[in-house]
Protein chains: 2
Amino acid sequence: MIRVGIIGTGNLARHLFRGIGATSTARVVQVAGRDPAGLSYFENNVATTDLDTLTAQVDLYLLAVSDDAIPTVSTNVNLQGKLVAHCSGTVPLEALAAGTRRAVFYPLQTFSRERELSFRTIPIFIETESSEDLELLRSLAGLLSDTVMPLSSPKRREVHLAAVFANNFTNYLYGIAWEIAADAGIEPTLLLPLIRETAEKIKEIPPERAQTGPAKRGDHRTMDTHLTLLKKEHHRDIYRILSQAIYTAYAKKL
Amino acid sequence: MIRVGIIGTGNLARHLFRGIGATSTARVVQVAGRDPAGLSYFENNVATTDLDTLTAQVDLYLLAVSDDAIPTVSTNVNLQGKLVAHCSGTVPLEALAAGTRRAVFYPLQTFSRERELSFRTIPIFIETESSEDLELLRSLAGLLSDTVMPLSSPKRREVHLAAVFANNFTNYLYGIAWEIAADAGIEPTLLLPLIRETAEKIKEIPPERAQTGPAKRGDHRTMDTHLTLLKKEHHRDIYRILSQAIYTAYAKKL
């Protein structure tokens, strides 16, 4: 049995708690956080504590706090000699307090309070200072996911950057599409089958080959019309820069 | 039985052919195209012809040709008095030749040769000049899809613009993410669960509320790091403009 302590009470902490709870050979024995309201989510199911009185015997702590809080929390909480894995894509392993057995446990996914997720298909990237700790972390991650990979901090940062394009920016474009549809009196959810197929298609056809649309075709008339339809300056800017990039990429290939 | 002629032999023509072929009360009786190689896909299953000898008795023609070709093909082919529906998101109904019963049949989806699709969930936007033709087109569309809506040309253009953001631009961002991952030696398909969840999440949580990431948080340190990691100028430009837009949108809401 792998005994896990979770530090943090946000979305990720909740998903980790449920994910680990669903395994047969790992369990969360303590959840620690500074926020009593956050802890209340857990308190009927596990021992909870503030950050000053971490007492449980655990094999490792998962530090599921915001990026900024990783150095201070790992320093201020008494974690000396403990295996402590933060869960950030961008923060280097070295940001954790010296004297802890520093590690990273980075699930490549977007977690929301309202969505249940299975960890099974989520890649988990891990990093540690020692090979013993790597094996322990790999065991835990392997209970949750079919895809566990050791990865250095610099490489993990690149993965996180890719995720910003694949998730944050993509979601923002969905938001613009939503707004255009709503402004035209069209129910935005009618876009969902298109959005879904766009995401599914690249399982079989890499994005470079899946590209379609007026910019790829060099259809300037349609692009000009679109620019007159867009009412917001920053939407026009985004339209222009993305169309130009697509046009250039595919014109080169002609 | 609704008898359909298809003009065009590309991706959309093929999907329409298969979609209509799967219904019990409509069928494609002729496929016409200028390209013998394109016609060969169909010729074992239906009568095929070049554009000069359209002879089949049909209730309507679906004009599945490129946007640019819609005016010329509908003028040059003998379609006088026939119900002719083009399939474009941007081209107005009026671009069809005078003397035809002009109509639009616009399925909001991205069609690829390599992907089988069900029309059932794909919204189909229709437009006609007469109410009789509207009912005929609605009947055909209703055999394929659960979501059929009459929509004017100007509104359809807005839907298409939304689709450019939701599909074309999104796919291009996937491509950048792919490239970043590959350059870092990470298998890009590891991004697929994230991409999928990003697309699925907005069924429950509208994009505006689903937004996450460094730009939303105003995490300038991470954004600065990302800009140093991006090797291509146009990737940096896209990163900057999207981050700025997200930052501004959410800073306003604080």
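This is a predicted model, so every value here is computed, not measured.

Peer 1: Describe in detail helix H4 (residues 131–144) of chain B, supporting the description with residues and values.
Peer 2: Residues and elements named next belong to chain B. Along its 14 residues, H4 runs 20 Å from first to last C-alpha, staying within 8% of the 20 Å computed at 1.5 Å per residue. Buried within H4 are the following residues: Asp133, Leu134, Leu137, Leu140, Ala141 and Leu144. Looking straight down H4, one finds its buried side chains confined to an arc of 135°; they lie on one side. For H4, the exposed residues set more than 90 degrees away from the buried face come down to Ser131 and Glu132.

Peer 1: Any details on the packing of aromatic side chains? Residues and values, ideally.
Peer 2: Applying the stated criterion across every chain yields a total of 14 aromatic pairs over all chains. Both rings, one in Tyr239 of chain A and one in Phe169 of chain B, keep their centres 5.2 Å apart while their planes meet at 70°; by these two values the pair is edge-to-face. Here Phe169 of chain B lies in helix H5 (residues 153–183) and Tyr239 of chain A lies in helix H10 (residues 233–253), a pairing that spans two chains. Classification of Tyr239 of chain A by relative accessible area gives buried; the value is 1%.

Peer 1: Which residues make up the interface of chain B and chain A, and what values go with them?
Peer 2: Listed by partner, the interface residues are 88 residues for chain B and 88 residues for chain A. One can count ten salt bridges joining chain B with chain A. The partner of Arg209 of chain B in a salt bridge is Glu114 of chain A, and the shortest N-O contact between them spans 2.9 Å. Counting every contact that joins chain B to chain A gives 32 residue pairs in polar contact (both at pLDDT 80 or more). Every element with two or more residues in the side of chain B that touches chain A is listed here: H5, helix H6 (192–201), helix H7 (207–210), helix H8 (214–217), helix H9 (220–229) and helix H10 (233–253) of chain B. No other element matches the 25 residues that H5 of chain B contributes to the side of chain B that touches chain A. Of the residues assigned to the side of chain B that touches chain A, the class counts are 46 nonpolar, 23 polar and 19 charged.

Peer 1: So what's going on with the packing of helix H9 (residues 220–229) of chain A against H5 of chain B? Which residues, and what values?
Peer 2: Two elements in contact, H9 of chain A and H5 of chain B, have axes whose closest approach is 11 Å; the angle formed by their N-to-C orientations is 100°. By the angle between their axes, H9 of chain A is roughly perpendicular relative to H5 of chain B. In contact with Thr222, Thr225, His226 and Leu229 of chain A of H9 of chain A, H5 of chain B contributes Arg157, Glu158, His160, Leu161 and Val164 of chain B. Tallied by class, the residues present in the contact of H9 of chain A with H5 of chain B amount to three nonpolar, four polar and two charged.

Peer 1: If you had to explain the pattern of salt bridges to someone new, which residues and values would you point to?
Peer 2: Under the defined criterion, the tally for this structure stands at 32 salt bridges over all chains. Between Glu197 of chain B and Arg115 of chain A there is a salt bridge, with the nearest N and O atoms lying 2.8 Å from each other. With Glu197 of chain B in helix H6 and Arg115 of chain A in the loop between strand E6 (101–107) and strand E7 (124–128), the pair connects residues from two separate chains. Assessed through its relative accessible area of 6%, Glu197 of chain B is described here as buried. Look at Arg115 of chain A and you get buried, because its relative accessible area is 12%. Among the ionic contacts, a cluster of salt bridges with common partners joins Asp67 of chain A together with Arg217 and Asp219 of chain B.

Peer 1: Can you lay out the pairing of strand E2 (residues 26–32) of chain A for me, pointing to particular residues and giving the numbers?
Peer 2: All names here are of chain A. Most of E2 sits out of view: six of its seven residues are buried. In terms of strand pairing, strand E1 (residues 2–7) meets E2 through six bridges, oriented parallel. When the bridges of E2 are listed, Ile7 appears paired with Ala32. Inspection of the sheet shows E2 paired to strand E3 (residues 47–49) by three bridges, in the parallel sense. Following the sheet pairing, Gln30 is matched in E3 by Ala47.

Rules used throughout
Residues numbered from 1 in each chain as written. Chains lettered and ligands numbered in written order. Predicted model: local features only at pLDDT ≥ 70, side-chain atom pairs only at ≥ 80, totals over all residues. Heavy atoms only, no water. Helix = DSSP H or I, 4+ residues; strand = E, 2+ residues; numbered from the N terminus. Expected span 1.5 Å × (residues − 1). Buried < 20%, exposed > 50% of the residue type's maximum accessible area, 1.4 Å probe, protein only. Arc of directions from axis to C-beta. Phe/Tyr/Trp six-rings, centres within 6.5 Å; stacked < 30°, edge-to-face > 60°. Contact = heavy atoms within 4.5 Å. Salt bridge = Lys/Arg side-chain N within 4 Å of Asp/Glu carboxyl O. Polar contact = N/O pair within 3.5 Å; in protein donor to acceptor, adjacent residues only side chain to side chain. Nonpolar A, V, L, I, M, F, W, Y, C, P; charged D, E, K, R; others polar. Axes fitted to C-alpha atoms, helices over the stretch in contact; angles between N-to-C directions. Parallel < 35°, antiparallel > 145°, perpendicular 65-115°, else oblique. Pairing = 2+ DSSP bridges.

In short, geometric facts, not functional conclusions.
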